[in-house]
Amino acid sequence: MATTFVESLVVGRVIGDVVDLFVPTVTMTVNYGLKHVNNGCDVKPSMAVNPPTLIISGNISDFYTLVMTDPDAPSPSEPKMRELIHWLVINIPGG
């Protein structure tokens, strides 16, 4: 699973353009309502009216930061607004 996760970030040029190569140490599940989203999924504005539900593995005593970013906004062919931060949440407890 970790290999697939990292591969999709390399293909999408997130690793290299936004962050350096890394090895995931926790897993995260993101759902907008009933729709599960993965790296590279398009999220329509109508789906994102409400914040997603997040489940982050890890120790309950650890806290995480979530950054939802668009590294090539508004489109990959014309990334004039890069890097657009859509959402930032800090102090998310693990577990």
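If you check an unreviewed UniProt entry, the protein chain appears there as Mother of FT and TFL1 from Elleanthus aurantiacus.

Where do I start with the overall build of the protein chain in this structure?
When you go through the protein chain residue by residue, the secondary structure sums to two helices and five strands. For the protein chain, the α and β elements follow one another from N to C terminus as α-α-β-β-β-β-β. Seen through its C-alpha atoms, the protein chain measures out along the principal axes to roughly 40 × 30 × 20 Å. When the 95 residues of the protein chain are sorted by exposure, 17% land in the buried category. When the accessible surface of the protein chain is summed, it comes to about 7,000 Å², and 58% of that surface belongs to carbon and sulfur atoms. Each charge class in the protein chain can be summarised by its mean position, and for the 5 positive and 9 negative side chains these summaries are 9 Å apart.

Please clarify how the side chain of asparagine 31 should be interpreted in this entry.
Relative to the assigned elements, asparagine 31 resides in strand β1 (residues 28-32). Residue classification places asparagine 31 among the buried positions, given a relative accessible area of 19%. Looking at asparagine 31, its side chain comes within polar contact range of the side chain of histidine 36, at 3.4 Å. Among all residues touching asparagine 31, those that are not within four sequence positions of it are His36, Pro52 and Thr53.

What is the right way to read the sheet that holds strand β3 (residues 53-56) from this model?
Sheets are built from strands that pair by backbone hydrogen bonding, the pairs being arranged parallel or antiparallel. Reading across the sheet, the three strands line up as β2-β1-β3 and stay open at both edges, with antiparallel pairing between neighbours. The strands lining the two open edges of the sheet, one partner per strand, are β2 (35-37) and β3. Each neighbouring strand pair of the sheet contributes to a mean axis angle of 25°, computed without reference to strand direction. As defined by bridge partners, β1 adjoins β3 across four bridges and the pair is classed as antiparallel. Its bridge partner lying in β3, asparagine 31 is registered against threonine 53.

Could you clarify how one ought to interpret a nonpolar patch on the surface in this entry?
On the surface, Val67, Ile85, Leu88 and Ile90 cluster together into a nonpolar patch covering about 390 Å² of accessible area. Considering every element that reaches the nonpolar patch, the biggest residue donor is strand β5 (residues 84-93), with three residues. Mapped onto the elements, isoleucine 85 comes out in strand β5.

Just to check I follow, could you spell out empty space enclosed by the protein for this structure?
Space left empty within the atom packing is revealed by a probe, the size of a water molecule, rolled over the atoms. For the coordinates displayed, the defined rule picks out one cavity of 30 Å³ or more. Considering the residues around the largest cavity, the lining is formed by Gly12, Arg13, Asp17, Pro71, Asp72 and Arg82. In the lining of the largest cavity, the residues fall into one nonpolar, one polar and four charged.

How do you make sense of unusual backbone geometry when you look at a structure like this?
Apart from glycine, the bulk of residues carry a negative phi angle, and the bulk of peptide bonds sit in the trans form. Despite not being glycine, asparagine 91 has its phi angle at roughly 60°, a positive value. Looking at where asparagine 91 falls in the secondary structure, it is placed in strand β5.

What counts, and where the lines are drawn
- Each chain has its residues counted from 1, following the order in which its sequence is written.
- At least 70 in pLDDT is required for a residue's local features to be given in this predicted model, at least 80 for side-chain atom pairs to be given and counted, and no such filter applies to totals for whole chains, interfaces and linings, which use all residues.
- Note that the side-chain values use all heavy atoms of the structure and ignore hydrogens as well as water.
- In this description a helix means any DSSP run of H or I spanning at least four residues, a strand means any run of E spanning at least two, and both kinds are numbered starting from the N terminus.
- For every residue, the accessible area obtained with a 1.4 Å probe (protein chains only) is divided by the maximum for its type, and the residue is called buried under 20%, exposed over 50%, and partly exposed between those limits.
- Method for areas: the Shrake-Rupley scheme with a 1.4 Å probe, in which residue coverage is limited to the protein chains shown.
- We score Asp and Glu as negative and Lys and Arg as positive, and we do not count His or the chain ends.
- Charged side chains are reduced to one point each, which is NZ for Lys, CZ for Arg, CG for Asp and CD for Glu.
- Any pair of N or O atoms that falls within 3.5 Å is considered a polar contact. Within protein, one atom must be able to donate a hydrogen and the other to accept it, and sequence-neighbouring residues count only if both atoms are side-chain atoms.
- Any two residues having at least one pair of non-hydrogen atoms within 4.5 Å are treated as being in contact.
- Each pair of strands is called paired provided DSSP finds at least two bridges between the two strands.
- Here an axis means a line fitted to C-alpha atoms, over the contact stretch when the element is a helix, while the angle between two N-to-C directions is reported on a 0 to 180 degree scale.
- For patches, a residue must show more than 30% relative accessible area and have no salt bridge; joins then use 9 Å for like charges and 5 Å for nonpolar side chains, namely Val, Leu, Ile, Met, Phe, Trp and Tyr.
- Any carboxyl oxygen of Asp or Glu within 4 Å of a side-chain nitrogen of Lys or Arg constitutes a salt bridge here.
- Here a cavity denotes grid points, spaced 1 Å and computed from the protein atoms alone, that fit a 1.4 Å probe unable to get out, and a pocket denotes an open set having protein on both sides within 12 Å along at least 5 of 7 lines; residues with an atom within 4 Å of a point are the lining.
- Grid points are joined across faces, edges and corners, and a volume is the space filled by probe spheres set on the points.
- Asp, Glu, Lys and Arg are counted as charged, while Ala, Val, Leu, Ile, Met, Phe, Trp, Tyr, Cys and Pro are counted as nonpolar; the rest, among them Gly, fall into the polar class.

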